[in-house]
Amino acid sequence: MPHSFIFRYLMGLLVFHATSLKAEWNTKDFQKREHSLTKPYEGSGFGVPNWDFQGSTMVTSNYIRLTPDQRSKQGALWNKIPCRVRNWEVQVNFKVTGTTQDLFGDGFAFWYTKERMEIGPVFGSKDYFSGLAIIGDTYSNHNGPQNHQHPYLSAMVTNGSESYDHDKDGTHTMLGGCEVKFRNMNHETWIAIRYENDKLTVSHDINNRRTWAPCFSIDGVKLPTGYYFGMSATTGDLSDAHDVISVKTYELDTADGVSKEERPDIQPETEFVVTPQREHKEDPEESTSGIKKFFIGLLVVLGILVVVVVGIMMYQKQQENNRKRFY
């Protein structure tokens, strides 16, 4: 009986351990510690090995807060070491919290870019960047029709020639996206950015199921090696606290026949831009310009008619007065 109990106990431990490995999304891929960030954060308050931070960022023993729940704040966290591997996956444990349920903003971004440590208007980092941005947008600036709600997770790839348009919520440069209700969760929330053989896949675990739920996947994404990983966040007239708990970066196993050589000289690009969750929408001003022209033209015609009618009436009255004087 004791031997049977011990056997069942040991088997239970093995099953639990295997389940835990699956739950933590472990694979045969190799973790790159120079690109990772986990607790305890060494040198809390003074610095974090391999990482720089700027703006309103504050390092604590339990999290790195990019912005407090205050208006008009910007903060960022950047890896000091460029990523030299072709295929990689980054898993980010993050938290977004706020005191309001209906009005909050603005959001955060994950970066793989040529530039680093440049505060700017795109969720705490520079515009006209070269590389990849994964954006967690919590506030809708778009005034026109749209077929998704916020918070919204999306991607943008550019070689530095395109601007992120806040007024359109990045609609015209969006690769793909999904609605992700990640605010004010009482459990851990994760996103995973996987780049493998020129394919970008974004997944999330928002419901604490310890398994990835797909957001979107895009083929034909070309990214150079030698760019930097980073996280940034911003608040405006509305606010939230944006926290990073951990960043785990893995070098993915490369299939046979696929080159592992670095390619630092290529330009970031995609074969096409698609927005499966949100159709391309023009500005409200542009979409109503035809109606405006119609009404302006109508007013002009009515004005001309009024002038003609008044002129005819005045002419008839003058003719009548002339006849009276004649008689």
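For the structure itself, consult the block above.
Side note on the pattern of salt bridges
Logical step 1: Summed over all chains, the structure comprises 12 salt bridges.
Logical step 2: The residue Asp52 makes a salt bridge to Lys80 at a minimum N-O spacing of 3.6 Å. Linking Asp52 in strand E2 (residues 51-55) with Lys80 in the loop between strand E5 (74-79) and strand E6 (88-97), this pair joins segments that are 28 residues apart in sequence.
Logical step 3: A residue is classified by how much of its surface remains accessible, and Lys80, at 40% relative accessible area, is partly exposed.
Logical step 4: Across the pair Arg263 and Asp198 runs a salt bridge, and its minimum N-O distance is 2.5 Å.

Thoughts on unusual backbone geometry
Logical step 1: Note the cis peptide between Lys39 and Pro40, where omega equals -5 degrees.
Logical step 2: Assignment of secondary structure puts Pro40 in the loop between strand E1 (30-31) and E2.
Logical step 3: The omega torsion of the bond from Gly105 to Asp106 falls at 0 degrees, within 30 degrees of zero and hence cis.
Logical step 4: Within the secondary structure, Asp106 sits in the loop between E6 and strand E7 (107-113).
Logical step 5: Although it is not a glycine, Ser72 sits at a positive phi angle of roughly 55 degrees.
Logical step 6: With respect to the helices, strands and loops of the structure, Ser72 is situated in the loop between strand E4 (64-67) and E5.
Logical step 7: You can call Ser72 exposed: its relative accessible area is 58%.

A word on the layout of surface pockets
Logical step 1: In this structure, the largest pocket spans a volume of roughly 230 Å³.
Logical step 2: For the lining of the largest pocket, the residue count by class is six nonpolar, four polar and three charged.

What to know about the side chain of Arg65
Logical step 1: When you line up the elements, Arg65 lands in strand E4.
Logical step 2: In terms of polar contacts, Arg65 uses its side chain to reach the side chain of Asp243, at 2.7 Å.
Logical step 3: Not counting residues up to four positions away in its chain, the partners in contact with Arg65 are Ser56, Thr57, Met58, Ala241, His242 and Asp243.

Calculation rules
- Residues numbered from 1 in each chain as written.
- Predicted model: local features only at pLDDT ≥ 70, side-chain atom pairs only at ≥ 80, totals over all residues.
- Heavy atoms only, no water.
- Salt bridge = Lys/Arg side-chain N within 4 Å of Asp/Glu carboxyl O.
- Helix = DSSP H or I, 4+ residues; strand = E, 2+ residues; numbered from the N terminus.
- Buried < 20%, exposed > 50% of the residue type's maximum accessible area, 1.4 Å probe, protein only.
- 1 Å grid on protein atoms, 1.4 Å probe; cavity = no way out; pocket = protein on both sides within 12 Å on 5 of 7 lines; lining within 4 Å.
- Points joined across faces, edges and corners; volume = space filled by probe spheres on them.
- Nonpolar A, V, L, I, M, F, W, Y, C, P; charged D, E, K, R; others polar.
- Polar contact = N/O pair within 3.5 Å; in protein donor to acceptor, adjacent residues only side chain to side chain.
- Contact = heavy atoms within 4.5 Å.

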